[in-house]
Amino acid sequence: MTIRFDGRVAIVTGAGNGLGRAHALGLAKLGAKVVVNDFGGARDGTGGSLTAAETVVEEIRAAGGTAMADGADVSNFEQVTAMVHKATKDWGSVDLMCANAGILRDKSFAKMEVADFAKVLDVHLTGTFYCCKAVWEGMRARNYGRIVLTTSSSGLYGNFGQANYGAAKTGMVGLMNVLAEEGRKTDIRVNIVSPTAATRMTEELLPAQALQLMKPEAITPAVEYLLSENAPTKTIMGAGAGSFAVIRILESEGVNFAEADWSPDTIAAHFAEISDMSKAKALDGAFHQTQKYVEQAATRLGVKA
């Protein structure tokens, strides 16, 4: 099976540089018509220019592909909606959305200003919601859509100085989980990639030797797969330096206690057993956790749940 995107229309946000540029070039090479979106601001979100997006469009066209540049600020819903409307008007649909745009305003939590926390969430989390919202009804009407969001190990596992970025990026996992469930009946598949690559957002954080191994192009195959016709849904995929992995949120089997033992002392006494991950499982949905706990309680009481 060869994955292609002929006849598909893709929007890639933050596509003027780094990961987004690699994704846009890769999708165009595989036949997609690509909206190269980039606000053109600095790494902290200030400024703005269409130059970077236009440069990528020229690269795509020079290679025989089809693309248009767009300078919508993803944190502005009207601009995002206008971008989707133009792509739909000119090319008939938006089938693929890769929400990649982001900014950094790193500071330790003690020094972080409220405005810096709010702005990073506005671009990453709210901006991603706007992108998904703007394409959702069209995808539902056509009974087809593929969406890839962009999370980060900074949120999944923690990283000093990135409370705003980590919170936003992990919030996207929650958004992906819900949209994947809601999109099933109309074949909208929603996944999320956790990339590690050498970009202007990481160039100051990694040694030169490591940066050489971590090309943005190493992430793009994961994005292309998650945007493909036979993609899974509700999947977190890690990617970097040629490595690819699936990340899952697991829950221990847990222990059920009688009401007489509902105390912090009971938790302390049994914490090793409670936190034993030898039988850990990934739950399929929020209600499955509720169902699991009720079944454990019923089993302890000897009744049918």
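Remember, it's a predicted structure, so these values are computed and weren't measured experimentally.

The rules behind the values
- Residues numbered from 1 in each chain as written.
- Predicted model: local features only at pLDDT ≥ 70, side-chain atom pairs only at ≥ 80, totals over all residues.
- Heavy atoms only, no water.
- Helix = DSSP H or I, 4+ residues; strand = E, 2+ residues; numbered from the N terminus.
- Rg over C-alpha atoms; globule rule 2.2 N^0.38 Å.
- Buried < 20%, exposed > 50% of the residue type's maximum accessible area, 1.4 Å probe, protein only.
- Contact = heavy atoms within 4.5 Å.
- Areas by Shrake-Rupley, 256 points an atom, 1.4 Å probe, with all protein chains shown as cover.
- Lys, Arg positive; Asp, Glu negative; His and termini not counted.
- Charge placed at Lys NZ, Arg CZ, Asp CG, Glu CD.
- Core = buried A, V, L, I, M, F, W, Y, C linked by side-chain atoms within 4.5 Å.
- Salt bridge = Lys/Arg side-chain N within 4 Å of Asp/Glu carboxyl O.
- Pairing = 2+ DSSP bridges.
- Axes fitted to C-alpha atoms, helices over the stretch in contact; angles between N-to-C directions.
- Expected span 1.5 Å × (residues − 1).
- Polar contact = N/O pair within 3.5 Å; in protein donor to acceptor, adjacent residues only side chain to side chain.

Peer 1: Pulling in residues and values, what's your account of the overall build of the protein?
Peer 2: On a plain count of helices and strands, the protein comes out with eleven helices and eight strands. A compact globule built from 305 residues should have a C-alpha radius of gyration of about 19 Å, and the protein, at 21 Å, falls within 12% of that. If you line up the protein on its principal axes, its C-alpha atoms span 70 × 45 × 35 Å. Here the protein, with 305 residues, has 43% of them falling under the buried criterion. Taking the intrachain contacts of the protein between residues at least 6 apart in sequence as the baseline, contacts between residues at least 24 apart amount to 69%. In the form shown here, the protein has an accessible surface area of approximately 15,500 Å², with 54% of it arising from carbon and sulfur atoms. Averaging the coordinates of the 30 positive side-chain charges in the protein and doing the same for the 33 negative ones gives two points 5 Å apart.

Peer 1: Provide a residue-level description of the nonpolar core, including the pertinent values.
Peer 2: Counting residues in hydrophobic clusters, the biggest one holds 40 residues, and the most contacted among them are I147, L149 and V190. Elements represented by at least two residues in this core include exactly β1 (9–12), α3 (77–91), α4 (114–142), β5 (145–150), α6 (163–183) and β6 (188–195). Take this core: its biggest share by element is nine residues, from α4. When near neighbours in sequence (up to four residues on either side) are disregarded, I147 contacts M97, C132, V135, W136, M139, I188, R189, V190, N191 and L227. Judged by nonpolar contacts, the second largest core, of 28 residues, contains A28, V193, A197 and V223.

Peer 1: I'd love a proper account of the pattern of salt bridges, names of residues and values included.
Peer 2: Between side chains of opposite charge, pairing is possible as soon as their charged atoms come close. Considering all chains together, one arrives at 13 salt bridges under this definition. Note that D187 is salt-bridged to R146, the shortest N-O span being 3.5 Å. A residue pair is termed long-range when its members are at least 10 positions apart, and D187 in the loop between α6 and β6 and R146 in strand β5 qualify at 41 residues. Given a relative accessible area of 25%, D187 falls into the partly exposed group. A salt bridge links R184 to E181, with the shortest nitrogen-to-oxygen separation between them at 3.4 Å. Taking the relative accessible area as the measure of exposure, R184 reaches 47% and is therefore partly exposed. It is possible to trace a salt-bridge network through shared partners that takes in R21, E59 and E217.

Peer 1: I'd love a proper account of the sheet that holds strand β7 (residues 236–240), names of residues and values included.
Peer 2: Taken together, the eight strands give an open sheet; going across it, the order is β3-β2-β1-β4-β5-β6-β7-β8, and neighbouring strands pair in mixed fashion. Of all the strands in the sheet, just β3 (66–70) and β8 (243–247) have a single pairing partner and so form its edges. Averaged over all pairs of adjacent strands, the angle between strand axes in this sheet comes to 20°, irrespective of strand direction. When strand β2 (residues 33–37) meets β3, the two strands line up parallel, connected through five bridges. By the bridge assignment for β3, K33 is matched with T66.

Peer 1: I'd love a proper account of helix α1 (residues 18–29), names of residues and values included.
Peer 2: Taking 1.5 Å of rise per residue, twelve residues should cover 16 Å, and α1 covers 17 Å from first to last C-alpha, within 8% of that figure. Considered for burial, the residues of α1 that qualify are L19, G20, A22, H23, A24, G26, L27 and A28. Looking at the packing, one finds that the buried side of α1 touches β1, β2, α2 (51–62), β4 (96–98), β6 and α8 (220–226). Residue G31 follows α1 closely and has a positive phi angle near 105°.

Peer 1: With reference to specific residues and values, describe the side chain of T233.
Peer 2: Following the sequence through the fold, T233 ends up in the loop between α8 and β7. Separated by 3.0 Å, the side chain of T233 and the backbone nitrogen of V190 make a polar contact. Not counting chain neighbours up to four residues away, the residues in contact with T233 comprise A180, R184, I188, R189, V190 and N191.

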